[in-house]
Amino acid sequence: MKPFLRQQLARYADRLAELEFLLSREDIMKDMSQFLTLSREHTEVAAVASRWARYQQREADLASARDMLADPDMAEMAQEEVDSASAEIAQLEAELQRMLLPKDPDDARNAFVEIRAGTGGDESALFAGDLLRMYTRYCERRGWKTEIISESPSELGGYKEVVLRVEGDNVYGALKFESGGHRVQRVPATETQGRIHTSACTVAVLPEPDEAQAIQINPSDLRIDTYRASGAGGQHNNKTDSAVRITHIPTGIVAECQDGRSQHSNKAQALKVLTARIQEKDRSERAAKDAAQRKSLIGSGDRSDRIRTYNFPQGRLTDHRINLTLYKLLYVMEGELDDVVEALQAYEAAQQLAELEVGAA
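What you see is a predicted model; the values in this text were computed from it and never measured.

Enquirer: Describe the packing of helix α3 (residues 32-68) against helix α4 (residues 75-100), listing the residues and the values that go with them.
Expert: At their nearest, the axes of α3 and α4 sit 8 Å apart, and the two run at 155 degrees to each other. Taken together, the axes of α3 and α4 are roughly antiparallel relative to one another. Here α3 runs over α4; the crossing is left-handed. Partitioning the contact of α3 with α4 into residue classes produces 15 nonpolar, 2 polar and 10 charged.

Enquirer: Let's hear about the pattern of salt bridges: which residues, and what values?
Expert: Inspection of every chain in the model, using the stated rule, returns 30 salt bridges. Taking the shortest distance from any N to any O, the salt bridge between E123 and R186 comes out at 2.5 Å. Of this pair, E123 sits in helix α5 (residues 122-142) while R186 sits in strand β4 (residues 180-186), and the two are 63 residues apart along the sequence. Take E123: its relative accessible area is 9%, and that puts it in the buried class. A salt bridge links R165 to E167, with the shortest nitrogen-to-oxygen separation between them at 3.1 Å. On the basis of relative accessible area, E167 is assigned to the partly exposed category, the value being 32%. It is possible to trace a salt-bridge network through shared partners that takes in R54, R58, D61, E81 and E88.

Enquirer: Go over unusual backbone geometry, please, and point to the residues and values.
Expert: Even without a glycine there, the phi angle at N170 is positive, about 55 degrees. Of note, N170 is situated in the loop between β3 (159-167) and α6 (171-175). The class of N170 is partly exposed, set by a relative accessible area of 45%.

Enquirer: So what's going on with the confidence of the model for the protein chain? Residues and values would help.
Expert: Taken over all residues, the pLDDT of the protein chain has a mean of 86, while the share at 70 or more is 89%. Across residues 232-238, confidence stays below pLDDT 50; counting only partners more than four residues off in sequence or on other chains, it has 11 contacts. Long-range and interchain partners of residues 299-303, a stretch whose pLDDT sits below 50, account for 12 contacts in this model, where long-range means more than four residues apart.

Enquirer: I'd like to hear about α4, residue by residue, with values.
Expert: An α-helix turns once per 3.6 residues; consequently, residues spaced three or four apart project the same way. With 26 residues, α4 should reach 38 Å at 1.5 Å per residue; the first-to-last C-alpha distance of 37 Å fits that figure. Among the residues of α4, A78, V82, A85, I89, L92, E95, L96 and L100 are the ones counted as buried.

Enquirer: How would you sum up the sheet that holds strand β7 (residues 243-248)? Please name residues and give values.
Expert: An order of β6-β7-β8 is seen for the 3 strands of this open sheet, with the pairing classed as antiparallel. Lying at the two open borders of the sheet, with one neighbouring strand each, are β6 (222-227) and β8 (253-257). On average, each strand axis in the sheet is tilted by 15 degrees relative to the strand beside it, whichever way the strands run. As judged from the 5 bridges shared by β7 and β8, these two strands associate in the antiparallel manner.

Enquirer: Outline the sheet that holds β4, supporting the account with residue identities and numerical values.
Expert: Ordered in space as β2-β3-β1-β5-β4-β9-β10-β11, the 8 strands form an open sheet in which the pairing is mixed. On the outer flanks of this sheet lie β2 (145-153) and β11 (324-326), each paired with one strand and no other. Mean inter-strand twist for the sheet, computed between neighbouring axes without regard to direction, equals 15 degrees. Bridge analysis of β4 against strand β5 (residues 197-207) gives 7 bridges, and the strand direction is antiparallel. By the bridge assignment for β5, H182 is matched with C201. Contacts from α5 reach β1 (111-117), β2, β3, β4, β5 and β9 (306-311) within the one sheet, and its direction differs from that of β4 by about 110 degrees.

Enquirer: Tell me about the environment of N323, residues and numbers included.
Expert: By the element assignment, N323 lies in the loop between β10 (316-319) and β11. We classify N323 as exposed; its relative accessible area is 68%. Taking C-alpha positions, N323 is 9.7 Å from R308, a pair spaced 15 residues apart along the chain.

Enquirer: Go over the nonpolar core with me, naming the residues and quoting the values.
Expert: Core analysis: the largest hydrophobic core is formed by 37 residues, its most contacted members being V113, I115, L131 and Y310. At the level of secondary structure, the elements contributing two or more residues to this core comprise β1, α5, β3, α6, β5, β11, α9 (329-333) and α10 (338-360). By residue number, the principal contributor to this core is α5, which donates 8 residues. Setting aside residues no more than four positions away along its own chain, I115 makes contact with A128, L131, L132, Y135, K160, E161, V162, T202 and V203. With 16 residues, the next largest nonpolar core counts A85, I89, L100 and L353 among its residues.

Rules used in this analysis
Numbers given for residues are sequential positions, taken from 1 along each chain in its written order. For a predicted model such as this one, the threshold for reporting local features is a pLDDT of at least 70, and the threshold for listing and counting side-chain atom pairs is 80 or more; totals across whole chains, interfaces and linings nevertheless cover every residue. Processing note: side-chain calculations cover all non-hydrogen atoms of the structure and skip hydrogens and water entirely. Only the stretch in contact is used when a helix axis is fitted, and all axes are lines through C-alpha atoms; the angle between N-to-C directions ranges over 0 to 180 degrees. A run of H or I in DSSP becomes a helix once it reaches four residues, and a run of E becomes a strand once it reaches two; helices and strands are each numbered from the N terminus. An angle below 35 degrees is treated as roughly parallel, one above 145 as roughly antiparallel, one from 65 to 115 as roughly perpendicular, and anything else as oblique. In this scheme, a crossing is called left-handed if the near helix is turned counterclockwise away from the far one by less than a right angle; it is called right-handed if the turn is clockwise. Nonpolar residues are Ala, Val, Leu, Ile, Met, Phe, Trp, Tyr, Cys and Pro. Charged residues are Asp, Glu, Lys and Arg, and all others, Gly as well, are polar. Throughout this description, the term salt bridge denotes a Lys or Arg side-chain nitrogen within 4 Å of a carboxyl oxygen of Asp or Glu. For each residue, the accessible area found with a 1.4 Å probe, counting protein chains only, is set against the maximum for its type, and the residue is called buried under 20%, exposed over 50%, and partly exposed in between. As a per-residue quantity, pLDDT reports the predictor's confidence and falls between 0 and 100. Residue contacts follow a heavy-atom distance rule, with two residues in contact if any of their heavy atoms lie within 4.5 Å. To estimate the expected span of a helix, subtract one from its residue number and multiply by 1.5 Å. Any two strands between which DSSP finds at least two bridges are classified as paired. Side-chain atoms within 4.5 Å are what join buried Ala, Val, Leu, Ile, Met, Phe, Trp, Tyr and Cys residues into a set we call a nonpolar core.

Written out as C-alpha cells, the structure reads:
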C-alpha cells in the first residue's frame, strides 16, 4: 500500500477516538442535531478504522508466516497462511481505497434521464426510442422503478424528446456518466439501398432534487401553462387540460409533464424536473469554472460531447472517454449495461485516487 494511503488511514483511528469522546459528553448528547451528525460520522469512520485495523493485523500475520517458511516442519502450513493473508490483504486494500474516495452526495439520489433526438431526422428519433428501451431494461434488471414524465413521439416511431424518472438505490451514481452525445451508425429501416447512416441523440441525467435542500424558486419567476395531453393516456387526457408546462422566466428553462392523471400531480412533477434542470445549469457553470484546474473526461455533463458510438454493422459499442470497446452491442441494447457502467465507475475511482495522491504529496 502506498505511503500516502497509510497516512490517510492512520487519521481515521485518531478521529474515531475523538468522536467516541465527543459522543460521551453530556452537552452533545442533549443537542440531538449535533449528536446525530456526529453519530453518522462515527459509523462511517468506524467502518474504515476497523478495516484498517484488520489490514494491519493481516500484514503482521503475513510477516510471521514468511518467517516460518524457513522451518521445513512448518513450511507447508506457513505457505497456506501466506496465500490466505496475501489474498485478504489485496481485498482489504481495494475496499479501503474505495472507502477513501470522496463521495458525491447526489450518487444515492433518484434521477431524471432526458433523451433528445439530434442530427439524423427520423432515424435519430428511432434511436432515441432504442435508448429509452435500453435504459428501461437496465433499470428493470437493477430493480429500479421507471416512469415516463413527458414525451414527444415522432411520426415514424421513437421520440423527438422523452424524459424518464428512475427511482431506486444509487440511481444517479450509476447513470450519471450517460450524459452526452450518443452516436449511432446503422442502416435505417427506411434506407432502400443498404447504406449506413450516422445519426445522434443527446442524453442528460439529472439528480432528483432533495426537497429539503433544493434551491428556492420565486413563484413570480414562473409562467405556468396548461394544455391537453397528447400520446398515451386514453380518453381522459384528451378531455381535460391536465398537462402542465412551467417556464422559469429568468433562465428560460422549461419543464413539462403530461403523464399524471391530474393537473396537480403533473404540476408537482414538472416543478421537480424544472428544479433539477436549474440545479444542473448551476452545476455545469461551476464545473466549467473548475475545468482548468480539474480535467476529467467523465462527468463533465456537456451534452455536446460525443461520448459513445453504437456501430450496428460491426456489433460494436465504443465509449470514447475511456477507450472502451465491446463487441456485444445487441446485448447492451437489451439493457446489459453493467460492463459499461462498472468500467466508467472504475475509471472515475482511479482518477479520484490519483488526485488524492497528488493532494497528499
